[in-house]
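Examining the three-dimensional arrangement
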Amino acid sequence: MSKLGRYSADRKKVETVTASKGVAVAECGTIFVASDNYTLTLPTCAEAGKGWWIKGVQTVAGKTLTIDVNSQTTIGIEASNAALAINTDIAITGTAGAQVEVVCDGTRFIVLAHGVAAGDIIGQ
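Residues numbered from 1 in each chain as written. Predicted model: local features only at pLDDT ≥ 70, side-chain atom pairs only at ≥ 80, totals over all residues. Heavy atoms only, no water.

Right, let's get into the overall build of the chain. Counting its regular elements, the chain contains 2 helices and 12 strands. The order of α-helices and β-strands along the chain, N terminus first, is α-β-β-β-β-α-β-β-β-β-β-β-β-β. Computed over the C-alpha atoms, the radius of gyration of the chain is 14 Å, within 12% of the 14 Å expected from 2.2 N^0.38 for a compact globule of 124 residues. Across its three principal axes, the chain shows a C-alpha extent of roughly 45 × 30 × 30 Å. Counting over 124 residues, the chain shows a buried share of 33%. Put simply, the chain shows about 6,300 Å² of open surface, and 55% of that area lies on carbon and sulfur atoms. With 10 positive and 11 negative side-chain charges, the chain shows a separation of 12 Å between the mean positions of the two kinds. (Helix = DSSP H or I, 4+ residues; strand = E, 2+ residues; numbered from the N terminus. Rg over C-alpha atoms; globule rule 2.2 N^0.38 Å. Buried < 20%, exposed > 50% of the residue type's maximum accessible area, 1.4 Å probe, protein only. Areas by Shrake-Rupley, 256 points an atom, 1.4 Å probe, with all protein chains shown as cover. Lys, Arg positive; Asp, Glu negative; His and termini not counted. Charge placed at Lys NZ, Arg CZ, Asp CG, Glu CD.)

Mapped onto the elements, K55 comes out in strand β5 (residues 53-58). Buried and unpaired, K55 has E101 as its nearest opposite-charge partner, separated by 4.3 Å. Side-chain polar atoms of K55 contact the side chain of Q99, separated by 3.2 Å. (Salt bridge = Lys/Arg side-chain N within 4 Å of Asp/Glu carboxyl O. Polar contact = N/O pair within 3.5 Å; in protein donor to acceptor, adjacent residues only side chain to side chain.)

A pair can form between side chains of opposite charge whenever their charged atoms are brought close. If you walk through the whole model with that rule in mind, you get 4 salt bridges. Between E27 and K21 there is a salt bridge, with its nearest N and O atoms 2.6 Å apart. With a relative accessible area of 15%, E27 lands in the buried category. Relative accessible area serves as the criterion here: at 23%, K21 is assigned to the partly exposed category. D36 is paired through a salt bridge with K63; the nearest N and O atoms lie 3.5 Å apart. You can see D36 sitting in the loop between β3 (30-34) and β4 (38-41) and its partner K63 sitting in the loop between β5 and β6 (65-68), a full 27 residues away along the chain. A relative accessible area of 28% places K63 in the partly exposed class. Each member of the salt-bridge network shares a partner with another, and the members are E15, K21 and E27.

Right, let's get into the sheet that holds strand β1 (residues 13-16). The sheet built from 7 strands is open, its strands ordered β1-β3-β5-β10-β11-β7-β8 with mixed pairing. Of all strands in the sheet, those with a lone pairing partner are β1 and β8 (84-85), marking the two edges. Both β5 and strand β10 (residues 99-104) contribute to a ladder of 5 bridges, which runs antiparallel. For W53, the partnering residue across the bridge sits in β10 and is V103. (Pairing = 2+ DSSP bridges.)

Have a look at this one:
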């Protein structure tokens, strides 16, 4: 395989969020990038299935990207200078670049959130 083939094999799908929306199952593997106050509503775990994932990134300090987990069981942790257990909807706010990755195991969402300061990622 050529170098070009290996390079392009790991390209990420990136979508700029311009309004609140329901995330479709077919959008698995998408990185949603927001610069204002929006909400992403996830499909249910039964709809999404094992291995389904997305990432949300807020690029503007003081704006909030909310990830609505659609009343699904959620476990995870936020890693910053103050750790927070996540078991509900997630709001990405505070420092620009704060982000949350959500992975479905078939019955629940597993969340890993990255922030800089306490409060960059909060439960709703």
